[in-house]
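# Reading the structure
Listed below, chain by chain, are the residues.
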Amino acid sequence: MTFKEIREKFIKFFERHGHTAVPSSSLIPDDPSVLLTTAGMQQFKPYWGELDPEQTIHPSIGKPVGKNAVSIQKSFRTSDIDEVGDESHLTFFEMMGNFSFGGYFKKEAIAYAHEFLTKELGLKISYVTVFEGNEAMGVPEDKESAAIWKELDPAIRIEKQGMENVFWGPTGASGPCGPTTEVYFKNAQGQDIETWNLVFNEYFYPGSREELLNSAPGKKLEKLKTPGVDTGMGLERIAMIVQEKKNIFETDLFEPILRAVIEIQGDKPIQQIRLIADHLRAVTFLIADGLEPGIDERNYIPRRLIRDAMTAHYLYIGAGIDINFCVDPVNTIIDIYRKDYPYLLEKREEIISIIRKETENFSKVLKLVGNVLDLKKQYISFSTEKKWPEVRSGTDIIDLDGKILFDIRQSIGVSWSQMKMVIEKEGFELGDKVLTEYDEAYKKHQELSRAGQERKFGGHGLLLDTGELKAANEEELKKVTRLHTATHMLQAALRQILGQEIYQMGSDITVERLRFDFTFSRKVTPEELLQVESLVRRKVSENLPVNKTEMPIEDAKNSGALTVATAKYPPMVKVYSIDDFSREVCGGPHVSRTSEVGEFKIIKEEASSTGIRRIRAVVSP
Ligand code: SER
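Description of the structure in this document. Model, not experiment: these values are computed from the prediction.

### Overview of the site of the ligand
- Surveying the vicinity of the ligand reveals the residues Ala39, Met41, Arg77, Met95, Trp168, Asn197, Val199, Asp230, Thr231 and Gly232.
- Here the ligand loses 97% of its free accessible area of 230 Å² to cover by the protein chains.
- Those elements giving two or more residues to the shell around the ligand turn out to be strand S10 (192-205) and strand S11 (222-234).
- Looking at which element gives the most residues to the shell around the ligand, the answer is S11, with 3 residues.
- In terms of residue class, the shell around the ligand is made up of 5 nonpolar, 3 polar and 2 charged.

Quick look at the structure:
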């Protein structure tokens, strides 16, 4: 069975059982507290308790989803990034999932999974896990799931596990969560592989997963108004099981990509080839969803992926790097996915040119590192824009300094594992001394950046409160604050000119520009854009005060303050208003008078996805 057949079977199976098929949402989530989309449930988060899935129009299908949904979601997890190259870890993957928002619960969810796996895919389950219960959290043992499995298959092996493994979520700053039951299969090497995770969302937790696991004071699991089901099964992994392959990279999905990489790499050690295949696939999708290699938190991810792929390439080719090394693999990747993600085809040129540009820049850096580590040189120091650390090597014993290695790694942005390989390739051995020094430098750096973060945002405040704002220093903070107020004014103007049916679907602010996604069914005409722009400009010139008041969320909503449908608000919120022009629930910060926003200009209007438009705008420097 090909991976395409598995995809199709999955969607059809759940459609037959009364689920609405919903396309994958973007890898860049609406939820500002989540860096990238990590699971299929992300786009449905508000349906467990906040939005009515039978009333709310889902933007990508143009009608309500109803109580049950099925999707195959583009997902990205950084958690395993250092493992990529082995047999089963990936950064980007597609997650197949069925969901219920107050429709069915454990009995049906487990029965569907059992039927799909054993009948549709013809597999034999190795064992399943269920939640053992946690008294301190007030969550009982999941005896019900165990009984349901036994009824379907009296011989099935059931293992009980705890919070770490079989209690899922929440994602981001808060959200639905609950006990899970997971299904394991043996792969062709006889190892047990976790494949399908069935989460029973019974609870809402008003904090992050980390807080939940550490029993953060004052935060407790609350029963969800709309309990339901959230399941997820990685397509790549199940394809490996179905196709009886020893690892993911031998499936029909990865095999052509590996071949395209090998064509330029030659028949070189497999870990590096797998890493290149995984990373280029991830980068292709990330760039297509709007990321570009850069230094802010999100854009650093494609940068790191490209640089690691390049380093892998360098490790075997040497310093003479072919800046076109990405072209064949990326074309192959796009060909594999063009049917399911047709937009990849439109973005082909853009994706390749962005990767190529990053490759070109980075090849210069890599060459420098190669020189830095060159055994023949005794004392070398480099200076690029930043001051390069001096590396000293003795005559017989190579005296590498772990702190210096850390600094180099920081400034060029590759992973430590890739960097270590470059160093070893250059003939250095990394002894305990160097590794200890490196670890110390790393820990120190982490402490410093945590302290910096707390100073800037007063503990973990701002990110959770406002989400879309990020700034590295005071100057940036000023700029993004102006753009933030401009975003509110833009939304108000859009609603005034185009109608009150406009709702915010996403917002992203960088030092350069604001980006605002909103519901609207057609292209906004140039005349309308001009009207919107002039209205914002007029309000800026009126120098209106921006007022902030605090009130309970219910009062805020009743007073007509706009909220973001997908956001979860605390009981007390801040409302920012500008005269009777704009009124929004928001964590801030904002400028105090509109004239501070400066000259406002819309630079682009385009489709973001079906039923959602996207505007980019700037303010004067
Ligand atoms: N959200 C769960 C997971 O990602 C199930 O979809 O594993």
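### Thoughts on the packing of aromatic side chains
- According to the stated counting rule, one finds 31 aromatic pairs in the structure shown.
- A ring pair is formed by Phe92 and Phe285, whose centres lie 4.3 Å apart and whose planes are at 10°; its orientation type is stacked. Of this pair, Phe92 sits in strand S5 (residues 92-101) while Phe285 sits in helix H8 (residues 270-288), placing them 193 residues apart in sequence.
- Relative accessible area serves as the criterion here: at 0%, Phe92 is assigned to the buried category.
- For Phe285, a relative accessible area of 0% gives the class buried.

### A closer look at the pairing of strand S14 (residues 504-509)
- Burial analysis of S14 places 5 of its 6 residues in the buried class, the great majority of the element.
- For S14 and strand S15 (residues 514-519), the ladder comprises 5 bridges, and the chain directions are antiparallel. Its bridge partner being in S15, Gly506 is matched across the sheet by Asp517.
- As consecutive antiparallel partners, S14 and S15 are separated by 4 residues.

### A few points about the sheet that holds S14
- One open sheet holds the 4 strands; their spatial order is S14-S15-S20-S19, and the pairing between them is antiparallel. Unpaired on one side and paired on the other, S14 and strand S19 (600-609) mark the two borders of the sheet. The sheet shows a mean angle of 20° between the axes of neighbouring strands, direction not considered.
- Here S15 runs beside strand S20 (residues 612-619); their pairing, made up of 6 bridges, is antiparallel. Pairing of Thr519 across the sheet is with Ile612, part of S20.
- Across the sheet, helix H17 (residues 474-498) is in contact with S14, S15, S19 and S20; its angle to S15 comes to roughly 25°.

### Considerations on the packing of H8 against helix H10 (residues 327-337)
- At their nearest, the axes of H8 and H10 sit 10 Å apart, and the two run at 65° to each other. In terms of orientation, H8 lies roughly perpendicular with respect to H10. Note on packing geometry: the crossing formed by H8 with H10 is right-handed. Side by side, H8 and H10 meet where Leu280, Arg281, Thr284 and Phe285 of the first sit next to Pro329, Val330, Ile333, Ile334 and Tyr337 of the second.
- Residue classes in the contact of H8 with H10 are distributed as 7 nonpolar, 1 polar and 1 charged.

### Comments concerning unusual backbone geometry
- Residues Gly169 and Pro170 are joined by a peptide bond in cis, for which omega reads -5°.
- Assignment of secondary structure puts Pro170 in the loop between strand S8 (167-168) and strand S9 (175-186).
- Here Gly588 and Pro589 are connected by a cis peptide whose omega angle stands at -5°.
- In this fold, Pro589 is placed in the loop between strand S18 (582-585) and S19.
- Of note, Glu244 is a non-glycine position whose phi angle comes to about 55°, a positive value.
- Considering the arrangement of structural elements, one finds Glu244 in the loop between helix H6 (235-242) and helix H7 (255-265).
- Residue class for Glu244 comes out exposed when judged on its relative accessible area of 64%.
- Here Asn543, not a glycine, exhibits a phi torsion of approximately 50°, which is positive.

### As for the environment of Ile602
- Within the fold, Ile602 resides in strand S19.
- A residue is classified by how much of its surface remains accessible, and Ile602, at 11% relative accessible area, is buried.
- The spacing of Ile602 and Ile615 is 13 residues in sequence and 7.2 Å in space, taken between C-alpha atoms.
- Excluding residues within four positions of it along the chain, Ile602 makes contact with Leu490, Leu529, Val532, Glu533, Ile615, Arg616 and Ala617.

### As for the side chain of Thr231
- Following the sequence through the fold, Thr231 ends up in strand S11.
- Judged by its relative accessible area of 1%, Thr231 falls in the buried class.
- A polar side-chain atom of Thr231 sits 2.6 Å from a polar atom in the side chain of Asn98.
- Here the side chain of Thr231 touches Trp196 through a polar contact of 2.9 Å, side chain to side chain.
- Those residues in contact with Thr231, other than ones at most four positions away along the chain, are Met96, Gly97, Asn98, Phe99, Trp196, Asn197, Leu198 and Val199.

### A look at the pairing of S18
- Pairing analysis gives 4 bridges linking strand S17 (residues 572-578) to S18, with the strands arranged antiparallel. Paired with Ile578 across the strands is Ser582, a residue of S18.

### As for the environment of Leu275
- Tracing the chain through its elements places Leu275 in helix H8.
- Residue Leu275 is classed as buried on the basis of its relative accessible area, which comes to 6%.
- The spacing of Leu275 and Leu258 is 17 residues in sequence and 9.7 Å in space, taken between C-alpha atoms.
- Dropping the residues within four chain positions of it, Leu275 is found in contact with Val84, Gly85, Asp308, Ala309, Ala312 and Gln418.

### As for the side chain of His58
- Relative to the elements of secondary structure, His58 occurs in strand S2 (residues 57-58).
- Of note is the side chain of His58, whose polar atom sits 3.1 Å from the side chain of Gln43.
- Leaving out residues up to four positions away in the same chain, His58 has contacts with Val22, Gln43, Phe44, Tyr47, Lys63, Pro64 and Val65.

Reading the values: the criteria
Residues numbered from 1 in each chain as written. Predicted model: local features only at pLDDT ≥ 70, side-chain atom pairs only at ≥ 80, totals over all residues. Heavy atoms only, no water. Near = heavy atom within 4 Å. Areas by Shrake-Rupley, 256 points an atom, 1.4 Å probe, with all protein chains shown as cover. Helix = DSSP H or I, 4+ residues; strand = E, 2+ residues; numbered from the N terminus. Nonpolar A, V, L, I, M, F, W, Y, C, P; charged D, E, K, R; others polar. Phe/Tyr/Trp six-rings, centres within 6.5 Å; stacked < 30°, edge-to-face > 60°. Buried < 20%, exposed > 50% of the residue type's maximum accessible area, 1.4 Å probe, protein only. Pairing = 2+ DSSP bridges. Axes fitted to C-alpha atoms, helices over the stretch in contact; angles between N-to-C directions. Contact = heavy atoms within 4.5 Å. Parallel < 35°, antiparallel > 145°, perpendicular 65-115°, else oblique. Left-handed = near helix turned anticlockwise from the far one by under 90°. Polar contact = N/O pair within 3.5 Å; in protein donor to acceptor, adjacent residues only side chain to side chain.

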